[in-house]
Structures are given as structure tokens and as C-alpha cells.
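# Residue-level structure breakdown
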Amino acid sequence: LPEVPGMNEILMLMFGAMVILGTLATVISRDLFDKLISLGIIVAGIMPFLADRGLLDVLTATALIAPLSTLFILMAVRRKAD
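Residues numbered from 1 in each chain as written. Predicted model: local features only at pLDDT ≥ 70, side-chain atom pairs only at ≥ 80, totals over all residues. Heavy atoms only, no water.

In terms of regular secondary structure, the chain is built from three helices and zero strands. Each helix and strand of the chain, ordered N terminal to C terminal, gives the series α-α-α. Relative to its length of 82 residues, the chain is extended, with a C-alpha radius of gyration of 15 Å against a globular reference of 12 Å. Considering only C-alpha atoms, the chain reaches an extent of 55 × 30 × 20 Å along its principal axes. Buried positions account for 13% of the 82 residues belonging to the chain. In the chain, 42% of the contacts between residues at least 6 apart in sequence involve partners at least 24 apart. (Helix = DSSP H or I, 4+ residues; strand = E, 2+ residues; numbered from the N terminus. Rg over C-alpha atoms; globule rule 2.2 N^0.38 Å. Buried < 20%, exposed > 50% of the residue type's maximum accessible area, 1.4 Å probe, protein only. Contact = heavy atoms within 4.5 Å.)

Structure below.
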């Protein structure tokens, strides 16, 4: 496939915007579930930057730890709400 000029910069801006929007949503939201979802958006925005820098070991650990910890925290928060 031919490379589109400026595509990397557009993707970098999009993923950076995901990190910023996730951060703002985490700060603004009051509900614990919304905060956890926003933290997941932050992690999803950071992962391409880790891959771009060649930090594949950190990327692998983040890809495994982040979803599992989010699930466990969601179960703990739900249990407290009941």
C-alpha cells in the first residue's frame, strides 16, 4: 500500500486526543464506572505510542494487566454499590 503523506501525524494527534479526552473525562466524571472507562480510554491512547517507541515488552504487559485490573476493580466497585 502506498504511504499517505502526513498519516502518522494524523494518527499521533488522534491518539493524543484520546489520552487528553480520557483524562478530562476521568477528572470530570463522578461515577466510579465512568472513571474506570475513562482510564481505559487513556490506556488505549497510550498503547500506540509505546509500540512506536519500540517498548514492546511494556506494551505487552500493559495489554495484559490493564483489562484484567479494570475487570477486578469493576467487580469490587459493583459489590460496594449493592
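And the narrative resumes.
The N-to-C vectors of helix α1 (residues 7–28) and helix α2 (residues 32–53) enclose an angle of 160 degrees; their axes lie 8 Å apart at closest approach. If you check the angle between α1 and α2, you find them roughly antiparallel. Here the hand of the crossing between α1 and α2 comes out left-handed. Residues Met12, Phe15, Gly16, Met18, Val19, Gly22, Thr23, Ala25, Thr26 and Val27 of α1 touch α2, and the partners they reach there are Lys35, Ser38, Leu39, Ile41, Ile42, Ala44, Gly45, Ile46, Pro48 and Phe49. Split by residue class, the contact of α1 with α2 holds 13 nonpolar, six polar and one charged. (Axes fitted to C-alpha atoms, helices over the stretch in contact; angles between N-to-C directions. Parallel < 35°, antiparallel > 145°, perpendicular 65-115°, else oblique. Left-handed = near helix turned anticlockwise from the far one by under 90°. Nonpolar A, V, L, I, M, F, W, Y, C, P; charged D, E, K, R; others polar.)

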